[in-house]
Amino acid sequence: MKRVEPVSRRGLLGEKVGMTQAWGEDGRIVPLTVVAVGANVVTALRTPQADGYTAVQLAFGAIDPRRVTRPVSGQFRKADITPRRHIVEIRTADIGEYTVGQALGADVFAPGDFVDVTGVTKGKGFAGAMKRHGFGGLRATHGVDRKHRSPGSVGAGTTPGRVFRGTRMAGRMGNATQTTQNLRIHAIDVDRGLLLIRGAVPGAAGGLVIVRSASKRPAARTGAA
């Protein structure tokens, strides 16, 4: 099995604030998502010698220390850091640039950088096949009973006489981890700890998001477009 070499990626944890808009240089409105990254703290470093891979562990968000479990509380105490609500590891080859206890802010990125944003989508509850999968529904003509939004046939009868696993049917929709790739950072506000990202990112306002360097784009920083 071919071993995948680690790549250099930057990342931050943040909270989705909401959406706004701004004028672009071409005179068009640019939809923007505001992400508050605040202060991310490095809580641990993963090395090939000790863990078998390279990564930086980041913590984000305030929490009452009484709500933290003892093992996690001991980890924060060992790093001499006050407890945080969220902990995530970012795989990167540049662990030499980080130290335990280091604070990271919005200046980790720059305007023009391409990023991948991961979040949990909004839960829609139990949804039918048309809303969940985009089915067209049955024909609204003679011979069709009052079931125009039904999914139709889900398989053959006698042979094989069952519904195959993975068949698109009605069910719970949303509330799943999703990553939107190749979004460009329009602007940053270092003092307020804000990232303004072009386009929409997964999740509802107030949800946790992970912003990482785009995996399908070069890491070179360019000027804002």
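Residues numbered from 1 in each chain as written. Predicted model: local features only at pLDDT ≥ 70, side-chain atom pairs only at ≥ 80, totals over all residues. Heavy atoms only, no water.

Q: Explain the sheet that holds strand β7 (residues 114–120) to me, please; I cannot follow it from the model alone.
A: Sheet strands pair via backbone hydrogen bonds, and the direction of the pair is either parallel or antiparallel. On the basis of which strands lie adjacent, the closed barrel formed by six strands has the order β1-β2-β11-β10-β7-β12 and antiparallel pairing. Strand-to-strand, the axes of this sheet are offset by a mean angle of 50°, without reference to chain direction. (Pairing = 2+ DSSP bridges. Helix = DSSP H or I, 4+ residues; strand = E, 2+ residues; numbered from the N terminus. Axes fitted to C-alpha atoms, helices over the stretch in contact; angles between N-to-C directions.)

Q: What exactly am I supposed to notice about the nonpolar core here?
A: Nonpolar side chains in soluble globular proteins generally cluster together in the buried interior. By size, the foremost hydrophobic cluster in this structure holds 25 residues, and its most contacted members are Phe109, Val115, Val117, Leu195, Ile197 and Val211. Of all the secondary-structure elements, those providing two or more residues to this core are β1 (11–23), β4 (55–60), β5 (86–91), β7, β10 (177–189), β11 (194–198) and β12 (208–213). Not counting residues up to four positions away in its chain, the partners in contact with Val115 are Phe109, Thr180, Gln181, Asn182, Leu183, Ile185, Ile197, Val211, Arg212, Ser213 and Ala214. (Core = buried A, V, L, I, M, F, W, Y, C linked by side-chain atoms within 4.5 Å. Buried < 20%, exposed > 50% of the residue type's maximum accessible area, 1.4 Å probe, protein only. Contact = heavy atoms within 4.5 Å.)

Q: Is there a simple way to explain the pattern of salt bridges in this structure?
A: Between side chains of opposite charge, a pair can form when the charged atoms approach closely. A complete count under the given rule lists five salt bridges for this structure. Residue Asp113 is joined to Arg10 by a salt bridge in which the shortest nitrogen-to-oxygen separation is 3.1 Å. With Asp113 in the loop between β6 (103–104) and β7 and Arg10 in the segment before β1, the pair connects residues that are 103 residues apart, well separated along the chain. Given the relative accessible area of 4%, Asp113 is considered buried. Linking Asp51 and Arg46 is a salt bridge whose minimum nitrogen-to-oxygen distance equals 3.9 Å. On the basis of relative accessible area, Asp51 is assigned to the partly exposed category, the value being 32%. Overlapping salt bridges bring together Arg46, Asp51 and Glu89 as one network. (Salt bridge = Lys/Arg side-chain N within 4 Å of Asp/Glu carboxyl O.)

Q: Explain the pairing of strand β3 (residues 40–46) here, please?
A: Regular strands place side chains that alternate from one sheet face to the opposite one. Among the seven residues that make up β3, five are buried, leaving the element largely enclosed by the rest of the structure. Here β3 runs beside β4; their pairing, made up of five bridges, is antiparallel. The residue bridging Val42 from the neighbouring strand is Leu58, located in β4.

Q: What exactly am I supposed to notice about unusual backbone geometry here?
A: Peptide bonds are, in most cases, trans, and in most cases residues other than glycine have a negative phi. Backbone torsion omega between Thr159 and Pro160 reads 5°, so that peptide bond is classified as cis. Of note, Pro160 is situated in the loop between α2 (129–133) and β9 (171–173). Positive phi values are uncommon outside glycine, yet Asn175 reaches one of about 55°. The residue Asn175 is located in the loop between β9 and β10 in this model. One non-glycine residue with positive phi stands out, namely Asn182, at about 60°. In this structure, Asn182 sits in strand β10. According to the relative accessible area criterion, Asn182 is partly exposed, its value standing at 29%.

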